[in-house]
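The lines below spell out each chain.
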Amino acid sequence: MTKYRSIVILTGAGVSAESGVATFRDSGGLWEQHKIEDVATPEAYKRNPQLVQDFYNMRRRFLDTVEPNAAHDALAKLEKGYAGRVVVITQNVDDLHERAGTHNLIHMHGQHRQVFCTACDKTTGWQGDLSVDHICAFCRAIGTTRPDIVWFGEMPYYMEMIDDALAGCDLFLSIGTSGTVYPAAGFVSAVRRLGKAHTIEFNLDASDCSAQFHEHRHGPATQTVPDCVHQLLGEHP
Ligand code: APR
């Protein structure tokens, strides 16, 4: 399987599930416990910034308690060992891909460990809790710093770079995503329209976009992803 020149990998919450990070839409998922319109929209933040900051502070703190799993590790190993180009586009806002060693990584929905100031637009790395009366280190504005998370109704990041990567790939892997949130849910059809890439979906079960993939690998990502990486690196006969 070393015949591919450019591999694009889309990941979703399922890749981090076995690290203990809750997915969004599985049973017991985050959106069963919190309403999107209360914590994950610009309107929610305007209405109740404290509630929104508390939600993201809790999730940011939780990252200290989890570790990358075998699927994250395998993708980092693929990037390091594969002769062609490998890029990971993640919808996840955790930092498990980078902690596993993936460098060529696009966080299209933002990152827990980053915040930005709506007054001066400066972004900065962030580890602890963020308060509603935080003073921006760059412009000194008070209470204008928010989590660097793409909320519902906001534009995902790096779309031009992503479109280029999708247009140039000849293998597209989608791992642990329900295929319900656009634009990511539309990546497989964008790739298929160009007609030159093989597409494989990795999920526990069929997702909303399963029918659009050439191939499916069902099972936990910690098993299916390392198996695929072995194949791509020619480690299996
Ligand atoms: N291995 C493989 N797949 C898994 C595993 C696992 N161990 N555990 C769960 N999954 C699959 C589920 O079957 C489901 O299809 O991962 C998917 C997770 O789907 P969602 O919870 O909807 O997460 P995701 O697709 O990443 O959500 C997209 O929605 O709320 C927004 O911004 C948020 O980035 C997120 C976006």
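For the structure, check the block above.
Residues numbered from 1 in each chain as written. Predicted model: local features only at pLDDT ≥ 70, side-chain atom pairs only at ≥ 80, totals over all residues. Heavy atoms only, no water.

### Things to note about the packing of helix α8 (residues 159-168) against helix α9 (residues 187-194)
Cut-off, in case you're wondering: Axis definition: a line fitted to C-alpha atoms, over the contacting stretch in the case of helices. Angles run 0 to 180 degrees between N-to-C directions. By definition, any uninterrupted DSSP run of H or I lasting at least four residues is a helix, any uninterrupted run of E lasting at least two residues is a strand, and each is numbered from the N terminus. Should an angle fall under 35 degrees it is called roughly parallel, over 145 degrees roughly antiparallel, and 65 to 115 degrees roughly perpendicular, with every other angle called oblique. Two helices that cross are described as forming a left-handed crossing if the nearer one is turned anticlockwise from the farther one by less than a right angle, and a right-handed crossing if clockwise. We call two residues in contact when some of their heavy atoms are within 4.5 Å.
At a minimum axis distance of 9 Å, the contact between α8 and α9 shows a crossing angle of 45°. As judged from the angle between their axes, α8 and α9 are oblique. Crossing of α8 against α9: the hand is right-handed. Taken together, the residues of α9 that come into contact with α8 (itself represented by Met 159, Ile 162, Leu 166 and Ala 167) are Phe 187, Val 191 and Leu 194.

### Some details on the pattern of salt bridges
Note the following rule: For this document, the term salt bridge refers to a Lys or Arg side-chain nitrogen within 4 Å of an Asp or Glu carboxyl oxygen. Three exposure classes are used, based on accessible area relative to the maximum for each residue type with a 1.4 Å probe and protein chains only: buried under 20%, partly exposed in between, and exposed over 50%.
According to the stated counting rule, one finds eight salt bridges in the structure shown. Residue Arg 113 is joined to Asp 64 by a salt bridge in which the shortest nitrogen-to-oxygen separation is 3.0 Å. Here the residue Arg 113 occupies a position in strand β4 (residues 110-117), and Asp 64 occupies one in the loop between α5 (49-62) and α6 (70-81), the gap between them amounting to 49 residues. With a relative accessible area of 13%, Arg 113 lands in the buried category. When its relative accessible area of 54% is taken as the criterion, Asp 64 is described as exposed. Where Arg 113 meets Asp 95, a salt bridge forms, and the shortest distance between an N and an O atom there is 2.7 Å. With Arg 113 in strand β4 and Asp 95 in the loop between β2 (85-90) and α7 (96-100), this residue pair connects regions lying 18 residues apart in the sequence.

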